[in-house]
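These are the residues of each chain, in order.
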Amino acid sequence: MTIKYVFLVSRQGKLRLSKWYSTATAKQISKTIKEVSQLVLARKPKQCNFIEHRDTKVVYRKYASLYFIVGVELDDNELLILEFIHRYVECLDRYFGNVCELDLIFHFQKAYFVLDEMVMAGELQESSKRTVLRAIAQQDETETKENAERGWGDINDLVELLDKY
């Protein structure tokens, strides 16, 4: 399985997350996102979740108001990609506690961390939810510890301070 790209778009076509594992210029990336988003958003709910776009097979799945879109090689297994998408959503759900679009907007770096734990250089590296979530928890611990060492404290303390002023 060779993943070329992963991106998330809302029902309105707004890009929420984008990760590319193949070389492309900014113009090519922008064009691909626009074309693929339009193709996916125009499809009916009863249609299959696989389409071909240029030299790529696009596999997508809709969860709530977000479309999770993955571009892979033409000969890759679509069902495996659907399972990968589902596993990614499950990890996000466990981490955020019923993930929603706003979680991804305000905590996009965490969504990228989860994706990076699962995929490296376009290849699926880790499929275990437990292992992925353990790695993310360790990252959170390290971040909290480093913030405390810098005197920043918890991010919630900063929000409370800002609310006072």
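Residues numbered from 1 in each chain as written. Predicted model: local features only at pLDDT ≥ 70, side-chain atom pairs only at ≥ 80, totals over all residues. Heavy atoms only, no water.

- Naming follows an unreviewed UniProt entry, where the protein appears as AP complex subunit sigma of Coemansia umbellata.
- Quoted verbatim from the Sequence similarities (unreviewed entry) field of UniProt, the annotation for the protein is "Belongs to the adaptor complexes small subunit family." (UniProt positions renumbered as here; feature names shortened; annotations may be inferred.)

1. A closer look at the overall build of the protein
Line of reasoning, step 1. A count of helical and extended segments in the protein gives six helices and seven strands.
Line of reasoning, step 2. When its helices and strands are written in sequence order, the protein yields β-β-α-β-β-β-α-α-α-β-β-α-α.
Line of reasoning, step 3. Taken along the three principal axes of its C-alpha coordinates, the protein extends 50 × 35 × 35 Å.
Line of reasoning, step 4. Expressed as a percentage of its 165 residues, the buried residues of the protein come to 36%.
Line of reasoning, step 5. In the protein, 50% of the contacts between residues at least 6 apart in sequence involve partners at least 24 apart.
Line of reasoning, step 6. For the protein, the exposed surface amounts to about 10200 Å²; the carbon and sulfur share of it is 52%.
Line of reasoning, step 7. Across the protein, the 24 positively charged side chains and the 25 negatively charged ones have centroids separated by 8 Å. (Helix = DSSP H or I, 4+ residues; strand = E, 2+ residues; numbered from the N terminus. Buried < 20%, exposed > 50% of the residue type's maximum accessible area, 1.4 Å probe, protein only. Contact = heavy atoms within 4.5 Å. Areas by Shrake-Rupley, 256 points an atom, 1.4 Å probe, with all protein chains shown as cover. Lys, Arg positive; Asp, Glu negative; His and termini not counted. Charge placed at Lys NZ, Arg CZ, Asp CG, Glu CD.)

2. A short note on helix H2 (residues 78–96)
Line of reasoning, step 1. Between its first and last C-alpha, H2 extends 27 Å over 19 residues, near the 27 Å set by a 1.5 Å rise per residue.
Line of reasoning, step 2. Its side-chain oxygen 2.9 Å from the backbone nitrogen of Leu 79, Asn 77 forms the N-cap of H2.
Line of reasoning, step 3. Following H2 by one or two positions, Gly 97 has its phi on the positive side, about 75 degrees. (Expected span 1.5 Å × (residues − 1). Polar contact = N/O pair within 3.5 Å; in protein donor to acceptor, adjacent residues only side chain to side chain.)

3. Quick notes on the UniProt feature "domain: AP complex mu/sigma subunit" (unreviewed entry) in the protein
Line of reasoning, step 1. Feature annotation in UniProt places "domain: AP complex mu/sigma subunit" (unreviewed entry) on residues 2–142, given in this structure's numbering.
Line of reasoning, step 2. As annotated, residues 2–142 has a helix share of 47% and a strand share of 26%, and its two end C-alpha atoms lie 31 Å apart.

4. Quick word on the packing of aromatic side chains
Aromatic ring pairs are described here by two measures, namely the spacing of the ring centres and the angle between the planes.
Line of reasoning, step 1. Going through the model one piece at a time under the given rule, you end up with seven aromatic pairs.
Line of reasoning, step 2. Measuring from ring centre to ring centre gives 4.5 Å for Tyr 5 and Trp 20, while their planes differ by 40 degrees; the resulting arrangement is tilted. Pair noted here: Tyr 5 is in strand E1 (residues 3–10) and Trp 20 is in strand E2 (residues 15–20), with a separation of 15 residues, a long-range link. Here Tyr 5 matches Trp 20 in class, with each residue buried.
Line of reasoning, step 3. Counting every residue linked through ring pairs, the aromatic cluster contains Tyr 5, Phe 7 and Trp 20. (Phe/Tyr/Trp six-rings, centres within 6.5 Å; stacked < 30°, edge-to-face > 60°.)

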